[in-house]
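Chain residues, written in single-letter form:
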Amino acid sequence: SQTIHQWPATLVQPVGSPLSLECTVEGTSNPNLYWYRQAAGRGLQLLFYSVGIGQISSEVPQNLSASRPQDRQFILSSKKLLLSDSGFYLCAWSVGQPFEAFFGQGTRLTVV
Amino acid sequence: QQPVQSPQAVILREGEDAVINCSSSKALYSVHWYRQKHGEAPVFLMILLKGGEQKGHEKISASFNEKKQQSSLYLTASQLSYSGTYFCGLGEYGNKLVFGAGTILRVKS
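Just so it is clear, the structure is predicted and the values come from calculations on it, not from any experiment. (Residues numbered from 1 in each chain as written. Chains lettered and ligands numbered in written order. Predicted model: local features only at pLDDT ≥ 70, side-chain atom pairs only at ≥ 80, totals over all residues. Heavy atoms only, no water.)

Draft legend 1. Layout of the state of the cysteines. Enumeration according to the criterion identifies two disulfides over all chains in this entry. Here A:Cys23 is linked by a disulfide to A:Cys91, with a sulfur-sulfur distance of 2.0 Å. Between A:Cys23 and A:Cys91, the S-S dihedral sits near -75 degrees, and the bridge is therefore left-handed. Here A:Cys23, found in strand 3 (residues 19-26), pairs with A:Cys91, found in strand 9 (residues 87-94); they are 68 residues apart in sequence, far enough to count as distant. We classify A:Cys91 as buried; its relative accessible area is 0%. Linked covalently through their sulfurs, B:Cys22 and B:Cys88 form a disulfide whose S-S length is 2.0 Å. On the sign convention where negative means left-handed, the S-S torsion of about 65 degrees between B:Cys22 and B:Cys88 marks this disulfide as right-handed. Of this pair, B:Cys22 sits in strand 3 (residues 18-23) while B:Cys88 sits in strand 9 (residues 84-92), and the two are 66 residues apart along the sequence. Among the residues examined, B:Cys88 registers a relative accessible area of 0% and is labelled buried. (Disulfide = S-S within 2.5 Å. Helix = DSSP H or I, 4+ residues; strand = E, 2+ residues; numbered from the N terminus. Buried < 20%, exposed > 50% of the residue type's maximum accessible area, 1.4 Å probe, protein only.)

Draft legend 2. Highlighting the pattern of salt bridges. Scanning the entire structure with this criterion turns up five salt bridges over all chains. Note that A:Asp85 is salt-bridged to A:Arg37, the shortest N-O span being 3.5 Å. Here the residue A:Asp85 occupies a position in the loop between strand 8 (73-78) and strand 9, and A:Arg37 occupies one in strand 4 (residues 32-38), the gap between them amounting to 48 residues. Look at A:Asp85 and you get buried, because its relative accessible area is 0%. Among the residues examined, A:Arg37 registers a relative accessible area of 7% and is labelled buried. Among the salt bridges present, the one from A:Arg68 reaches A:Asp71, with a minimum N-O distance of 3.3 Å. A single network of salt bridges, built from pairs that share partners, joins A:Glu59, B:Lys26, B:Glu92 and B:Lys96. (Salt bridge = Lys/Arg side-chain N within 4 Å of Asp/Glu carboxyl O.)

Draft legend 3. Expanded view of the interface of chain B and chain A. Taken residue by residue, the interface counts 21 residues in chain B and 22 residues in chain A. Taken together, the connections running from chain B to chain A amount to one salt bridge. A:Glu59 is the partner of B:Lys96 in a salt bridge, and the nearest nitrogen-oxygen pair spans 2.9 Å. Where chain B touches chain A, the interface holds six residue pairs in polar contact (both at pLDDT 80 or more). For the side of chain B that touches chain A, the secondary-structure elements that each account for two or more residues are strand 4 (30-36), strand 5 (43-48), strand 9 and strand 10 (96-99) of chain B. Tallying contributions element by element places strand 10 of chain B first for the side of chain B that touches chain A, with four residues. Residues of the side of chain B that touches chain A, tallied by class, amount to 11 nonpolar, eight polar and two charged. (Contact = heavy atoms within 4.5 Å. Polar contact = N/O pair within 3.5 Å; in protein donor to acceptor, adjacent residues only side chain to side chain. Nonpolar A, V, L, I, M, F, W, Y, C, P; charged D, E, K, R; others polar.)

Draft legend 4. Unusual backbone geometry, seen in detail. Each neighbour pair has its own omega, and for A:Trp7 with A:Pro8 the value is -5 degrees, a cis peptide bond. Assignment of secondary structure puts A:Pro8 in the loop between strand 1 (3-7) and strand 2 (10-13). For the bond from B:Ser6 to B:Pro7, the omega torsion is -5 degrees, close enough to zero to count as cis. One non-glycine residue, B:Ala77, lies in positive phi territory at about 45 degrees. Structurally, the position occupied by B:Ala77 is in the loop between strand 8 (70-75) and strand 9. The exposure class of B:Ala77 is partly exposed, given its relative accessible area of 27%.

Geometric values such as these leave the question of function open.
Rendered as structure tokens:
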């Protein structure tokens, strides 16, 4: 069966520090991968999505970036965190058509 | 572009019904519905693929009006376990999935 792993679960980082969040999917090949951010009490904002290795579509061109070095690995990065980067970051995957997306357990990031 | 959900929040008593609406200014390929409990990841409820399609999941069902570019989620005889935030997602070309702002549903005993 397919599973998605996302870590860490919680993270407290100072302003200006770098960020690296990792997401991996097991049990499937060539998944579509997504990064979403959810501010407190808000909706799911699509940040990046990828349909294959090295193929990244950016929806929010701020100080975040994403990479997909392997088929089932998706990494969200920042060189310098801002206070506004705080939120709940969710990775998700889907495969095939029609597709339903399955979410990881999320990373709660607090920038202080 | 994000789909628009309404209402933003609704409070029900157990056994009451609710409707959550989702609309888009863009043509819809598919409509996805998810429920998120506080502090948890969203969980898939159902997907509708074509205009006129209706689906059910226990006492939760949904419809998709492709012409009006709208979808509605129907919750009947609500239970305490239905509380959470409901999101509609729009599947776009290239497997892009964009969500609305969510509807907070609270069921009281």
